[in-house]
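Spelled out, the chains give:
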Amino acid sequence: MKYVDEYRSEQAARALSAEIRKATTQAWTIMEICGGQTHTIVKYGIEDLLPPSITLVHGPGCPVCVTPLEIIDKAVAIASRPDVLFTSFGDMLRVPGSAQDLLSVKASGGDVRIVYSPLDAVSLAERLPDKKVIFFAVGFETTAPANAMAVWRAHELGLTNFSILCSHVLVPPAMEAILASPTNLVQGFLAAGHVCTVMGYEEYIPIAERYRVPIVVTGFEPVDILQGIAMTVRQLESGTSIVENQYSRAVRRDGNRAARELVRKVFEPTDRKWRGIGEIPMSGYRLRREFSSFDAETVFELQDITAEESPLCIAGQVLQGLKKPHECSAFGTRCTPEKPLGAPMVSSEGACAAYYHFGRFRTRPAS
Amino acid sequence: MCLAIPGKVLEIDRTTQPTMGTVSFAGIQKRVCIEWVPEVKVGDYVLVHVGFALNTIDEQEALETLKLLSEMGDLAGELSPQVPGPADGSHGEDGRQESKDRPRRTP
């Protein structure tokens, strides 16, 4: 497949591995933001290609993992209603709420359907005027334009039976929260390539300057990741801290302006709670007031729900790069992809699931 | 969830709202919203996420990266120590994970 296979080249990976080994003179901790990058790193054993002094820690960039328990409980409450058709991306269906998940609502007779695109949910609302069609709008900046387009389209079509349950999150405030924490270990970042495809990378420049941390916009294939690490190490070793773009085939400095403009018209920034981490100021999107009739939380007048996480789960520390998944006492025993305690064990992009599927036999200690 | 896949644009339909196109992903064809890539032409590659083209792939940039990587690849034999293949979770016939000194296939 063009633009994929060539970035899985063993020869290029070996050359980059050698370059990183040659350039590294001391210990460095680098965080990849995106769950898709975590998946590639663990699947392809990227850490085995690095010198032992480089530690990769896995960031909070998995929307499935950071969607708060309360929102999952709200989704379950809405999806359980007989007049509702609840639509979602497939990976949200098995995320445990405090009592059940969306898949068990479906098993009990609820109309819960997986859609490929938010526009498919709008089409369902057009075809089924007697149903209230809800789309579970989660995700980072990459997904925000698609969800904005669904609301925009429903607005243009005059649909009154379509709404979204919105729990959008944003990358830069989460990076700042990690860097500002007194327990922070991260010295360099691989920024999430597809988030930057939409948003560009100008907003990372002040973060790199303020915290003196190199930020390299990085793609998702193994060679992309290795090249991103090589560029980060080169900066760390030379004491520079600027924003660089490894993923230049897909990312322009100002992102995609048309997509950003639609996001700006439909959404506005808001404080957002992150599962396992807590509230981060202005770290999410909500619908603007003029689109409030498409907000499922308004449509269904849901009460605020408070829910407790499993006391065993250390997802919050994993998502901040403070612990590795296999350092959790429940990893692979009481918490597995079949019976997850926390969300990072659910999604294939969650660090815990990636370690469970690909990395649980690894012997290299997490430094 | 931020997965986005490159695909080749086969058809563009500017009569729809929003603008849609047919995109091939190694032979699998999908209808994709191309509203945000107005410059796109048939034969171009776009990066698609949940049914939306987020950007066109810049062939010149891709070639530059590959040229750099291939120049590095030429040096690999001289520079590289023995490095393991990807940890794809596969096991040897004895049920244990293959050891680092046994060469493995790149998936």
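All residue numbers refer to position in the chain's written sequence, counted from 1. Working convention: letters from A go to chains and numbers from 1 go to ligands, in the order in which they are written. Only residues with pLDDT of 70 or above have their local features reported here, since the model is predicted, and side-chain atom pairs are shown and tallied only from 80 upward, although totals for entire chains, interfaces and linings are computed over all residues.

Caption draft 1: Highlighting the nonpolar core. Core analysis: the largest hydrophobic core is formed by 152 residues, its most contacted members being Ala-150, Ile-164, Leu-165 and Ala-191 of chain A together with Ala-53 of chain B. In terms of residue count, helix 11 (residues 222-238) of chain A provides more of this core than any other element does, 8 residues in total. Setting aside anything within four residues of it in sequence, one finds Ala-150 of chain A in contact with Pro-118, Leu-119, Ala-121, Val-122, Phe-135 and Ile-164 of chain A. For the purposes of this analysis, a nonpolar core is taken to be any set of buried Ala, Val, Leu, Ile, Met, Phe, Trp, Tyr and Cys residues that are connected through C-beta atoms within 7 Å. Note on burial: count the other C-beta atoms lying within 10 Å of the residue's C-beta; 20 or more is buried, 12 or fewer is exposed, in between is partly exposed, and C-beta positions come from the backbone. A run of DSSP states H or I qualifies as a helix once it reaches four residues; a run of E qualifies as a strand once it reaches two. Both are numbered from the N-terminal end. Each residue gets a C-beta atom placed from its backbone, and two residues are in contact if those atoms lie within 7 Å.

Caption draft 2: Expanded view of the packing of helix 7 (residues 144-157) of chain A against helix 12 (residues 257-266) of chain A. All names here are of chain A. Only C-alpha atoms enter the line fits that serve as axes; for helices the fit covers just the stretch in contact. Angles between N-to-C directions range over 0 to 180 degrees. With their axes 9 Å apart at the nearest point, helix 7 and helix 12 run at an angle of 55 degrees to one another. Here helix 7 lies oblique to helix 12, going by the angle between them. In this structure, the crossing between helix 7 and helix 12 has a hand that is left-handed. Packed against helix 7, whose contacting residues are Ala-144, Pro-145, Ala-148, Met-149, Val-151 and Trp-152, the element helix 12 presents Ala-259, Leu-262, Val-263 and Val-266 at the interface. For this classification, the nonpolar set comprises Ala, Val, Leu, Ile, Met, Phe, Trp, Tyr, Cys and Pro, the charged set comprises Asp, Glu, Lys and Arg, and every other residue, Gly included, is treated as polar. Class assignment for the residues of the contact of helix 7 with helix 12 results in 10 nonpolar, no polar and no charged. By definition in this entry, angles of less than 35 degrees are roughly parallel, angles greater than 145 are roughly antiparallel, angles of 65 to 115 are roughly perpendicular, and the rest are oblique. Each helix crossing is assigned a hand: it is left-handed if the near helix lies turned anticlockwise from the far helix by less than a right angle, otherwise right-handed if that turn is clockwise.

Caption draft 3: Seen up close, the environment of Glu-327 of chain A. Residues and elements named next belong to chain A. In this structure, Glu-327 sits in the loop between helix 14 (315-319) and helix 15 (351-359). Taking the number of C-beta atoms within 10 Å as the measure of exposure, Glu-327 has 12 and is therefore exposed. Each C-alpha atom of the pair Glu-327 and Pro-82 lies 43 Å from the other, and the pair is 245 residues apart in sequence.

Caption draft 4: Quick peek at the domain arrangement of chain A. Residues and elements named next belong to chain A. In terms of domain boundaries, chain A breaks down into domain 1 (5-59 + 172-216 + 223-238), domain 2 (65-170 + 255-299) and domain 3 (315-359). In this assembly, 9 residues from domain 2 lie in contact with 10 residues from domain 3. Across the side of domain 2 that touches domain 3, the residue classes break down as 5 nonpolar, 1 polar and 3 charged. An automatic or database domain assignment supplies the start and end points of every domain.

Caption draft 5: Spatial organisation of the sheet that holds strand 9 (residues 243-245) of chain A. Residues and elements named next belong to chain A. Being paired, for any two strands, means DSSP has found at least two bridges between them. Taken together, 5 strands build an open sheet; the order of strands is 2-1-7-8-9 and the sheet is parallel. Because the sheet does not close on itself, it has two edges, and the strands there are strand 2 (54-61) and strand 9. Across the sheet, the mean angle separating the axes of adjacent strands is 25 degrees when strand polarity is ignored. Packing of helix 2 (residues 35-43) onto the sheet brings it into contact with strand 1 (28-34), strand 2, strand 7 (188-192) and strand 8 (215-218), and relative to strand 1 it is tilted by some 120 degrees.

Caption draft 6: Summary view of the sheet that holds strand 10 (residues 267-274) of chain A. Residues and elements named next belong to chain A. Read from one edge to the other, the open sheet built from 6 strands follows the order 4-3-5-6-11-10, with strand pairing classed as mixed. In the strand order of this sheet, the two ends are held by strand 4 (111-114) and strand 10, each with one partner. The average angle at which neighbouring strand axes cross in this sheet is 25 degrees, direction not considered. Helix-sheet contacts for helix 4 (residues 69-79) involve strand 3 (84-88), strand 4, strand 5 (132-139) and strand 6 (162-169), and the interaxial angle to strand 6 is about 170 degrees. Contacting strand 5, strand 6, strand 10 and strand 11 (278-287), helix 7 runs over the sheet at an angle of about 160 degrees to strand 6.

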